[in-house]
Amino acid sequence: MTKQRICIVGDGLSGLMTAVVLAKVPGIEVNLIAKKGTNNVDKRTTAISDTNYKFVNQNITSLGQKLFWPSKKIELFYETAKEKINFLNLHEANSNLMYVFENDKVKNVLLKEISKNKIKLIRKDLNNLDELKKNDLIILCIGGQSKIYNNITKIRSIKKDYKEIAITGYVKHNLKTLNTSQFFLKEGPLAILPFSKNYFSFVWSVKKYFFENNSKKITTLVKNKILEILKNKQEITISNIQSYPISLSIRRQYHQKNTLILGEGLHTIHPVAGQGFNLVLRDIKKLKEIVKYYAGLGISIKTSYALNDFYNSRKPENTIMSLGVDATHSFFKQNKYLDPFKEIIVKNIKNNETLKKFSKIISNQGLSL
Ligand SMILES: Cc1cc2nc3c(=O)[nH]c(=O)nc-3n(C[C@H](O)[C@H](O)[C@H](O)COP(=O)(O)OP(=O)(O)OC[C@H]3O[C@@H](n4cnc5c(N)ncnc54)[C@H](O)[C@@H]3O)c2cc1C
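What comes next is a walk through the structure. (Residues numbered from 1 in each chain as written. Predicted model: local features only at pLDDT ≥ 70, side-chain atom pairs only at ≥ 80, totals over all residues. Heavy atoms only, no water.)

## Points about the overall build of the protein chain
Here is step 1: For the protein chain, the helix and strand inventory stands at 9 helices and 17 strands.
Here is step 2: The C-alpha radius of gyration of the protein chain comes to 21 Å, within 12% of the 21 Å expected for a compact globule of 369 residues.
Here is step 3: Seen through its principal axes, the protein chain has C-alpha atoms that stretch 70 × 45 × 40 Å.
Here is step 4: Residues classed as buried in the protein chain amount to 52% of the 369 residues present.
Here is step 5: Sequence separation of 24 or more characterises 75% of the internal contacts of the protein chain that already satisfy a separation of 6 or more.
Here is step 6: Per element, the accessible surface of the protein chain, about 18,500 Å² overall, is 53% carbon and sulfur.
Here is step 7: Taking the average place of the 60 positive charges on the side chains of the protein chain and the average place of its 30 negative ones, the gap between the two points comes to 2 Å. (Helix = DSSP H or I, 4+ residues; strand = E, 2+ residues; numbered from the N terminus. Rg over C-alpha atoms; globule rule 2.2 N^0.38 Å. Buried < 20%, exposed > 50% of the residue type's maximum accessible area, 1.4 Å probe, protein only. Contact = heavy atoms within 4.5 Å. Areas by Shrake-Rupley, 256 points an atom, 1.4 Å probe, with all protein chains shown as cover. Lys, Arg positive; Asp, Glu negative; His and termini not counted. Charge placed at Lys NZ, Arg CZ, Asp CG, Glu CD.)

Structural data, given as structure tokens:
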């Protein structure tokens, strides 16, 4: 039987992961098109849920546990004029709530897996989709912004420019204990994500004007803020500071004929809840199931309902979760009229066991309950 050929474009986390996962499906041959020299520059970390970690581990045998730093506890704080209220603590005694990995390290392992699995890697900047006509399925994992999407979908996406910048970086420290935490500060949410014994990464989303006004002293500003929130007097060292503009984009059309958009191109969301790649992983899991089903029956993916099936099964969760993250961001945004009420609400959250349970389930499994 001749193999069906899938061409994936883009070597971000979405493209690399999709290539490795789909190459494992019997009857499928995968090619990957990627720009030259784009790896090793992504000095960020990504937090994924326990369920997604299991999916990644099942599909990439050579990943190794050392690349994933587990967390059993997540703490959330809300800053008022007087204090930082610890309003939600999620804790698991016998399992992990999430894992954090360094993007560049995992990308390198995925690239090795790609050469091991004999996936053909073509280094070029794709400009014209016509070149890919001979493939049974084309998957575009080319980030949130590409003009190529205009050839696929004319339906307008749900879009919003937050006019915010996510400042990211690594911190070396000597603290004995440090939990994964999120601080909803007056300047914007700041996440602390431990990824090894003496390192954590941070993501601090601030207003664009705040970032621009402070761009020359950003390292000092971040350092002082982190020392303040951790109530730490010890020395810390900050490195790998990067910045990312933040926007929301929820695609309403996922595919055109046999070309599918995946990854950030399908849903770009605010990093406040660390859900972007978690959604992508659930998309990849579903896509694998669908491709396996059609390929197993010997049905051509090109002429089948495979991409309709994918759209119908993933669109509800992707839309609800993306809008849910947007609502979370709006709730915690500084607002002098609403802030006194928010203080009362967050104080009540602390004792609400049902909400705690619900938050844990949603962040672990999404809406695939
Ligand atoms: C600050 C920040 C923190 C985040 N933290 C988390 C987190 O903790 N947890 C989580 O789940 N998610 C998180 N996310 C989201 C997560 O980073 C992304 O979902 C994930 O990296 C997947 O991105 P991607 O591969 O879809 O797109 P990208 O990383 O943008 O990759 C696109 C790739 O396509 C290539 N490309 C583009 N055009 C072409 C072309 N024409 N030809 C060939 N190649 C092309 C580019 O070179 C690039 O390599 C975060 C996002 C941000 C901004």
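## Comments concerning the site of the ligand
Here is step 1: Near the ligand, the surroundings consist of 28 residues, among which Asp11, Ser14, Leu126, Glu264 and Phe277 are the closest.
Here is step 2: A distance of 2.9 Å is found between an oxygen atom of the ligand and a backbone nitrogen or oxygen belonging to Ala47.
Here is step 3: Phe277 places a polar main-chain atom, nitrogen or oxygen, 2.8 Å from an oxygen atom of the ligand.
Here is step 4: Burial of the ligand by the surrounding chains reaches 86%, relative to a free accessible area of 1,000 Å².
Here is step 5: Considering every element that reaches the shell around the ligand, the biggest residue donor is helix α6 (residues 276-296), with 3 residues.
Here is step 6: Here the shell around the ligand is composed, by residue class, of 10 nonpolar, 12 polar and 6 charged. (Near = heavy atom within 4 Å. Polar contact = N/O pair within 3.5 Å; in protein donor to acceptor, adjacent residues only side chain to side chain. Nonpolar A, V, L, I, M, F, W, Y, C, P; charged D, E, K, R; others polar.)

## Thoughts on the sheet that holds strand β4 (residues 69-71)
Here is step 1: Sheet architecture is open: 3 strands sit in the order β3-β7-β4, paired in antiparallel fashion. Of all strands in the sheet, those bounded by a partner on one side alone are β3 (45-49) and β4. On average, each strand axis in the sheet is inclined to that of its neighbour by 25 degrees, with strand direction left out of account.
Here is step 2: Relative to the sheet, α6 contacts β3 and β7 (98-102), its axis offset from that of β3 by approximately 55 degrees. (Pairing = 2+ DSSP bridges. Axes fitted to C-alpha atoms, helices over the stretch in contact; angles between N-to-C directions.)

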